[in-house]
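# Inside the fold
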Amino acid sequence: MGVSDNSTGLILAVLSSGFIGTSFILKKKGLKRAAAATGFSAGHGGYTYLQEPLWWAGMITMIVGEAANFVAYAYAPAVLVTPLGALSIIVSAVLAHFLLKERLKQMGVLGCVSCIVGSVVVVIHAPAESTPTSVEEIWNLAVEPAFLIYVAATLSLVAALVMHFEPRYGQSNILVYLGICSLMGSLTVVSIKAIGIAIKLTLEGISQIAYPQTWVFVTVAVLCVITQLNYLNKALDTFNTAIVSPIYYVMFTSLTIVASVIMFKDWKGQSVSDIASEICGFITVLSGTIVLHSTREQEPSPAPGTVTWYDQDPTKAVEEDEHLITVHNSDYFD
């Protein structure tokens, strides 16, 4: 008996989480090395990390993980694949404990268990994948009014974050960088799913290469991925990995599920009990990330000779070193 599409997607999603969780740690160490050597951080527009081998090792690991994730979306619905990204939280939390000295406290174990339990519930109640027969069919889903409204709202929010909020609050409010990443990420996922299905159909003998819609999805995916990576690097270089990963996971996963449900109608045909179970499983995963976030140890305090920047609330001061700006918060999303 052959392996079902959902099972194939599940296996690929789990492998993807392992690679992606590891990549966060490698990239973080690479960013720290580059900033320490040159005094220029990615959070302030520096790109010296491109000369750091460890950052590239993290990038390659992330590419492998994203490739597995890419293929997973071709076999299973986003409602199943995306929440399994929580497993990367566990990988990142454990590795950060040993390699970045971001200590995982005892309650963090409860957070890890919650992520696993929630993921299992989602897997059990996930809908079966319904593969479109052509990229034109996917395009018809993408141009329906409901999804066009979502796209317009997403791009408007991204424009506001980039042009208004980033210059003012990018270094003090983590939601600015991660908001851009997550919003663009939701569009990345639906585009990648469309591309994955097109490739799958082509390999099965139903070529989708000649369809212009295929290349529209490719273009959108490339632009969104570049934007995501740029702002994710800024977030990682500016804030503690332990706080970047859980918040990014919660925002990215929530928005991706919303986008997928609107475009691909993942919940169509499912019973109310199954949908409710999936939502409960997802909330359990989110709860796990919050517990993990709240119990992670803060990074060491900055050395003497710092500059203090203030948000609108004067109590929200951010300590920054004169040469390397690192915002110190506590957590862990990957």
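From a predicted model like this one, the values you see are computed outputs, not experimental measurements.

### Let's talk about the packing of helix 2 (residues 53-75) against helix 8 (residues 174-203)
Following both chains from N to C, one finds helix 2 and helix 8 inclined at 75 degrees, their axes separated by 8 Å at the closest point. Here helix 2 lies roughly perpendicular to helix 8, going by the angle between them. Side by side, helix 2 and helix 8 meet where Phe70, Tyr73, Ala74 and Tyr75 of the first sit next to Val189, Ile192, Lys193, Ile195, Gly196, Ile197, Ile199 and Lys200 of the second. For the contact of helix 2 with helix 8, the per-class residue count stands at nine nonpolar, one polar and two charged.

### Thoughts on the packing of helix 6 (residues 135-142) against helix 9 (residues 212-238)
Look at helix 6 against helix 9: their axes get within 9 Å of each other, and the N-to-C directions meet at 60 degrees. Our classification of the angle between helix 6 and helix 9 gives oblique. The handedness of the crossing between helix 6 and helix 9 comes out as left-handed. Only Gln213, Thr214, Val216 and Phe217 of helix 9 make contact with helix 6, whose side of the interface consists of Val135, Glu136, Ile138, Trp139 and Ala142. Considering only residue class, the contact of helix 6 with helix 9 consists of six nonpolar, two polar and one charged.

### Let's talk about the pattern of salt bridges
Per the stated rule, a full pass over the model turns up four salt bridges. Residue Lys200 pairs with Asp5 through a salt bridge whose shortest N-O separation is 3.2 Å. Remark: Asp5 occurs in helix 1 (residues 5-38) and Lys200 occurs in helix 8; sequence separation between them is 195 residues. Owing to a relative accessible area of 10%, Lys200 belongs among the buried residues under this scheme. We classify Asp5 as partly exposed; its relative accessible area is 32%.

### Side note on the UniProt feature "transmembrane region" (unreviewed entry) in the chain
Under the UniProt annotation, "transmembrane region" (unreviewed entry) lies at residues 6-26, 54-75, 81-100, 107-126, 138-162, 174-199, 211-231 and 243-263. Between the first and last C-alpha atoms of residues 81-100 the distance is 28 Å; the span itself is 75% helix and 0% strand.

### Points about the confidence of the model for the chain
The predicted model of the chain has a mean per-residue pLDDT of 82, with 85% of residues at 70 or higher. For the chain, the element scoring lowest by mean pLDDT is strand 1 (residues 306-310), at 33; helix 7 (residues 145-169) scores highest, at 95.

### Let's talk about unusual backbone geometry
A negative phi angle characterises most non-glycine residues, just as the trans form characterises most peptide bonds. Within the chain, Lys265 stands out as a residue other than glycine whose phi angle is a positive 55 degrees. Residue placement: Lys265 occurs in the loop between helix 10 (241-264) and helix 11 (272-295). Given the relative accessible area of 31%, Lys265 is considered partly exposed.

About the thresholds
- Residues numbered from 1 in each chain as written.
- Predicted model: local features only at pLDDT ≥ 70, side-chain atom pairs only at ≥ 80, totals over all residues.
- Heavy atoms only, no water.
- Axes fitted to C-alpha atoms, helices over the stretch in contact; angles between N-to-C directions.
- Helix = DSSP H or I, 4+ residues; strand = E, 2+ residues; numbered from the N terminus.
- Parallel < 35°, antiparallel > 145°, perpendicular 65-115°, else oblique.
- Contact = heavy atoms within 4.5 Å.
- Nonpolar A, V, L, I, M, F, W, Y, C, P; charged D, E, K, R; others polar.
- Left-handed = near helix turned anticlockwise from the far one by under 90°.
- Salt bridge = Lys/Arg side-chain N within 4 Å of Asp/Glu carboxyl O.
- Buried < 20%, exposed > 50% of the residue type's maximum accessible area, 1.4 Å probe, protein only.
- UniProt positions renumbered as here; feature names shortened; annotations may be inferred.
- pLDDT = per-residue confidence, 0-100.

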